[in-house]
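A look at the structure
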Amino acid sequence: QVQLVESGGGLVQAGGSLRLSCAASGRTLNGYAVGWFRQAPGKEREFVAAVSWSGGTTNYADSVKGRFTISRVNAKRTVYLQMNSLKPEDTAVYYCAASKYGSGTAGDEYNYWGQGTQVTVSS
C-alpha cells in the first residue's frame, strides 16, 4: 500500500505563490506516477499535474501551464507542486494521488489518494 499526506495549503492573495508537498510512505513508488488533482465546492475533481516517479516526465493541465511546476525528490519520497501567479479560480482542495499506470490525467488511473489540503486564493 501507499499512503499520501498533503501539506502546504493556506490562504494567499491573487498573484501570490504557494508550494504544496505530498509525502509518500509504504511501498516503493518505482514505476508509479504521482499527480495532483483539485476539487472546488460543487465541482468535479480535475487534473492539475503529474510526474513519473522514476523518469521525471511531467504532464500539466492547460489551465496551470506556465504557472505551476510539479517536481519530486525521490530520496525524500516527496512530490511538490509550486504554484505561482495564483488566481481565485485556483481555490480548491488539492489532492495528491499515485498511479501504477503512468502520469495520466484521469482520476480513475490513480490507485492511492491523500486527504487533501485547502488552497484559498483571495481577490
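Now for a quick tour of the structure. Only a predicted model underlies this, so the values are computations on that prediction, with no experimental measurement involved. (Residues numbered from 1 in each chain as written. Predicted model: local features only at pLDDT ≥ 70, side-chain atom pairs only at ≥ 80, totals over all residues. Heavy atoms only, no water.)

1. A short note on the side chain of Asp90
For clarity, the cut-off: Where helices and strands are cited, they refer to DSSP runs of H or I of at least four residues and of E of at least two residues respectively, numbered from the N terminus. Two residues qualify as a contact provided that any one of their heavy atoms is within 4.5 Å of a heavy atom in the partner residue.
Its location among the elements puts Asp90 in the loop between β8 (78-83) and β9 (92-99). The contacts of Asp90, once residues within four sequence positions are left out, are Arg38, Arg67, Phe68, Ser85, Val119 and Val121.

2. So, the sheet that holds β8
Hydrogen bonding along the main chain pairs the strands of a sheet, whether they run parallel or antiparallel. Filter applied, for reference: A pair of strands counts as paired when DSSP detects no fewer than two bridges linking them. Only the stretch in contact is used when fitting a helix axis, every axis being a line fitted to C-alpha atoms; angles between N-to-C directions are given from 0 to 180 degrees.
The four strands lie next to each other as β1-β3-β8-β7, forming an open sheet whose pairing is antiparallel. Only two strands of the sheet have a single partner each, and these edge strands are β1 (2-7) and β7 (68-73). Ignoring strand direction, the axes of neighbouring strands in this sheet form an average angle of 20 degrees. In terms of strand pairing, β7 meets β8 through six bridges, oriented antiparallel. Considered in β8, the bridge of Val73 is made with Thr78.

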